[in-house]
Amino acid sequence: MVAIRLRVALIVSLSFFAGMNRSAMADVKQDNASPPDAEVLTGDWLVIERVGRGGRAVVHTDAIEAEIVAGRWSTPKAGDVVRVSDEVEKTWREVTPDTEGWVKDDALRGGYACMTVESNAERIMLLEAAGHGMVYANGEPRAGDPYKTSWPRMPVRLQVGTNTFLFRVGRGGVWARLVVPKAEALFNERDMTLPDVIRGREVRLWGALPVVNASEDPLDNLVIEASYEGGTRTRMRLPVIPALSARKVGFRIEGPKQEEAGQIEVELELLCSENDEEWVLDTARFALSVREPDDKHKCTFVSEIDGSVQYFGATPAHPEPGDDSPLALFLTLHGASVEADGQARCYSHKTWGHVVAPTNRRPFGFDWEDWGRLDTMEVLAIAEQTWRPDPNRIYLTGHSMGGHGVWQIGALYPDRFAAIGPSAAWPDFWSYGGAADYEEPTPIEEILLRAVSPSRTLALSRNYLHYGVYILHGALDKEVPVKLGRQMRKHLAEYHADFAYYERPGAKHWWGCACVDWPPMFDFFKNHTKPGTETVRHIEFRTPSPAISASSNWATIEAQLHALDLSTIDIELDPEARKFSGTTENVARLSLDMTELCKPRERETKEGMVDATVLPANEPLTIELDEQTLENTPWPQAEPRIWLRRAGGTWTVISRPDPADKGPHRYGPFKQAFRNRFMFVYGTQGTKEQNAVIYGKARYDAETFWYRGNGAVDVIPDVAFNPSGERDRNVILYGNADTNAAWVALLGESPVQVRRGVVTVGEREIAGDDLVCLFIRPRPGSDRALVGAVAGSGLVGMRLTERLPYFVSGVAYPDCIVFGPEVLVDGTAGIRVAGFFGLDWDIKSGDFVWRE
């Protein structure tokens, strides 16, 4: 066994110790010797039933949140009444935790629990809680732990007297306590992302764990040093960890080839260094397993979504001796609460392919949509680079929530897979997950439905014609009812000639590893190979948005006439006639990529080798779209791709589109801002109270993305932001033009503006200090980055942003939306305007709807 010593040096700026004399710093060092969690506080509890309506929707109703947003809420007493409507009232009542500290009550299936704690001094404590969706800690929003993982340890400030913790609870119970932090900075060992070591390979590994800042100042100049006996000492500067927050940070372990089997024991030390003096703040120990190259193992990597450390599980192939042909790749998606490593371990080693399991960013994650979908495609790219599989033998399978991911990702990227195999799957949120729908949608609600169209899996189902489909379901499954599998069988039977359905008699939802590693499914896969792009003569493809899914083989939908309405193409290629012909719906810009088609090829005949190039270069083409013919279209000289634009019903050939316009590289809607190593920039130019709310919202979003997506987001003040630095990173601004100093540089030219007391959308103004405006814009100086704004026109407006569910799958906001606090009472009727910018990012060329 080889021991690794990983030293994490916290070199903290002098501002952190401002006002601390040498004696105080000595006290810090002495306190570290005290046992952890030396004091635990609990409190008195009240509960109240649900006071509104929620679900997967952009807005919700909530009578208590309405009072909080308005600044009228106060700590309740038993017997206090909350008026939900003119006819409905709810009452706060006392409850007693059980012997394990859990508060369990039917009211907590959508209601609130309130814990009060008395303190005789101001101090910092760690809030440990589980079962809640979020909590207001003395009025500040903090991320919850609905899945009872025990990951969060949130530093909170207690005031003298009564401290109030208001928990929003949806699953029937909540547990909470406050503990004393053992230092200003400490590890949270409950949430570590770790790899396995591969024997015989150089050690070049990423790991990650949260560091908690239990002080009221940001920690900067943090450095991680890692070393082990015989290895290489590495040194990494950490990003700033904001005040009273936690941030998951990555670290490196590097060294020569690891020849010994067994485990590597890793020790972490958290040190603080000031004036050439260092002392240990915290330590942690863990073991890394050493695996054989063909053993089942975990791999870590740095995500391009946010720069965080993620992992995937792998079950490498065990090919037959002497077989050096390219192997297949099986991408498998886990169900809710399942770790990717456990998913991969359910599979036996295949002789003809590798099994790879992405994480969905977390065991629950994003239902394999949004950032879960992006994680899948990141892992697929890494797996292709690592194992170099046969590109025409890549398969997609998964169970339960992962089965939904198969239906969803298989529909969005149909040209990537040779076959798919959903097991115990549900198709979309409207059949299983309670997504918002409207019986007679208003024009604004129609905009909201368009924003969430990427989740409408069945609208994309004809993309399944690209490959074979094997559906597997347990006949007695009640968790994901078997009727959903039968419905998909009936649906496919209407148009698909290449699918199989097997219903396992007597089987429930989970019936062992066989319900994912099902031999007949893999036999089905083995009989299916994806056609090479050069062999494809007909493409029928549809997409909800080019930003999510743009291409199938040689055809790309570059832009839409109406954003996020379904777009379709049905195009055939006749190589002999050198002709592309077909129809389109809701397509504003289209490209035809002939790279593979014009690549020189030969084939063998009885007479010898002959030219087999599909579409030889440098000869004119005929393009016929929507009953319009473009004869003698010149072969493009710069690159083998033709772009076409439709305007006024007429198609024309154009040059490469301006990257400033919308396209697959940068489109919308609002959620698209949260990718591309995005950062949060919060405003500091308002009043003390405004600044506190703005910072609290940015911190809450960072915490939420960490919990839901294993994320790590840079959270920085506006005065520290450099608009000319890292121009291709996405930025989320918190505040408005008056409270955020970065606004002018990034959004000064935007047609949407938010200032104190007013929101301007184009030529129209909406007055009020209680308005929310979410919108997305291209970042100045970049051809690919975006700026998202989480803006409030005043203190009330910023409070109203606090619980917007844009990190929830099945919920989506358009490019721009404005609403006031009346949404907490009236729902979507409180939305003032919503819409999508045009392809030139202008309002006039877009689709905007105003409240009548």
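Residues numbered from 1 in each chain as written. Predicted model: local features only at pLDDT ≥ 70, side-chain atom pairs only at ≥ 80, totals over all residues. Heavy atoms only, no water.

### Here we look at the overall build of the chain
The number of helices and strands found in the chain is twelve helices and 55 strands. Here the C-alpha atoms of the chain give a radius of gyration of 28 Å, agreeing with the 29 Å that 2.2 N^0.38 yields for 852 residues. Taken along its principal axes, the extent of the C-alpha atoms in the chain is 95 × 70 × 60 Å. Here the chain holds 852 residues, and 60% of them are scored as buried. Pairs at least 24 apart in sequence give 72% of the contacts found in the chain among residues at least 6 apart. Split by element, the accessible area of the chain, about 33200 Å² in all, is 46% carbon and sulfur. Side chains of the chain carry 93 positive and 120 negative charges; the gap between the two charge centres is 1 Å. (Helix = DSSP H or I, 4+ residues; strand = E, 2+ residues; numbered from the N terminus. Rg over C-alpha atoms; globule rule 2.2 N^0.38 Å. Buried < 20%, exposed > 50% of the residue type's maximum accessible area, 1.4 Å probe, protein only. Contact = heavy atoms within 4.5 Å. Areas by Shrake-Rupley, 256 points an atom, 1.4 Å probe, with all protein chains shown as cover. Lys, Arg positive; Asp, Glu negative; His and termini not counted. Charge placed at Lys NZ, Arg CZ, Asp CG, Glu CD.)

### Notes on the side chain of glutamine 343
Tracing the chain through its elements places glutamine 343 in helix 3 (residues 340-345). Engagement of the side chain of glutamine 343 in a polar contact is seen with the backbone oxygen of leucine 333, the distance being 3.3 Å. Among all residues touching glutamine 343, those that are not within four sequence positions of it are Thr332, Leu333, His334, Gly335, Val338, Ala357 and Val516. (Polar contact = N/O pair within 3.5 Å; in protein donor to acceptor, adjacent residues only side chain to side chain.)

### Describing the sheet that holds strand 26 (residues 309-315)
What the eight strands build is an open sheet, ordered 25-26-28-27-29-30-31-32; its pairing is mixed. Both outer strands of the open sheet, strand 25 (297-302) and strand 32 (499-504), are each paired with one neighbouring strand and no more. On average, each strand axis in the sheet is tilted by 20° relative to the strand beside it, whichever way the strands run. Pairing of strand 31 (residues 468-474) with strand 32 involves six bridges; the strand directions are parallel. (Pairing = 2+ DSSP bridges. Axes fitted to C-alpha atoms, helices over the stretch in contact; angles between N-to-C directions.)

### Topic: the pattern of salt bridges
Scanning the entire structure with this criterion turns up 59 salt bridges. A salt bridge links lysine 599 to glutamate 596, with the nearest nitrogen and oxygen atoms 3.0 Å apart. Given the relative accessible area of 36%, lysine 599 is considered partly exposed. What emerges from the salt-bridge pattern is a single network uniting Asp62, Glu65, Arg168 and Arg803. (Salt bridge = Lys/Arg side-chain N within 4 Å of Asp/Glu carboxyl O.)

### A few points about the sheet that holds strand 38 (residues 589-593)
Judged by pairing direction, the sheet is antiparallel, and its five strands sit side by side in the order 34-35-38-43-44 without closing on themselves. For this open sheet the edge positions go to strand 34 (551-552) and strand 44 (650-654), each flanked by a neighbour on one side alone. Where strand 34 and strand 35 (residues 555-559) come together, two bridges link them in antiparallel fashion. Across the sheet, the residue bridging to serine 551 is threonine 556, located in strand 35.

### Quick look at helix 6 (residues 443-451)
With seven of its nine residues buried, helix 6 lies for the most part within the structure. Turning to helix 6, its buried residues are Ile444, Glu445, Ile447, Leu448, Leu449, Arg450 and Ala451. Elements that come into contact with the buried residues of helix 6 comprise strand 53 (816-819), strand 54 (831-836) and strand 55 (847-850).

### Looking at the nonpolar core
Formed by 87 residues in total, the largest nonpolar core has its most connected members in Phe674, Phe680 and Tyr806. The element contributing the most residues to this core is helix 9 (residues 688-709), with six residues. Aside from chain neighbours lying at most four places away, what touches tyrosine 806 is Trp371, Phe670, Lys671, Phe674, Lys697, Asp701, Tyr734, Leu774, Val790 and Tyr813. One finds Met377, Trp387, Val406 and Leu460 within the second-largest nonpolar core, a separate group that totals 42 residues. (Core = buried A, V, L, I, M, F, W, Y, C linked by side-chain atoms within 4.5 Å.)

### Remarks on the packing of aromatic side chains
A full pass over the atoms with the stated rule returns 45 aromatic pairs. Directly above the aromatic system of tryptophan 151 lies the positively charged group of arginine 362, at a separation of 3.9 Å from the ring centroid. (Phe/Tyr/Trp six-rings, centres within 6.5 Å; stacked < 30°, edge-to-face > 60°. Lys NZ or Arg CZ within 6 Å of the ring centre and 35° of its normal.)

### A few points about the environment of arginine 233
Its place among the elements puts arginine 233 in the loop between strand 20 (222-228) and strand 21 (234-238). C-alpha separation for the pair arginine 233 and glycine 255, spaced 22 residues apart in sequence, amounts to 8.4 Å. A distance of 3.3 Å separates a polar atom in the side chain of arginine 233 from a polar atom in the side chain of glutamate 225.

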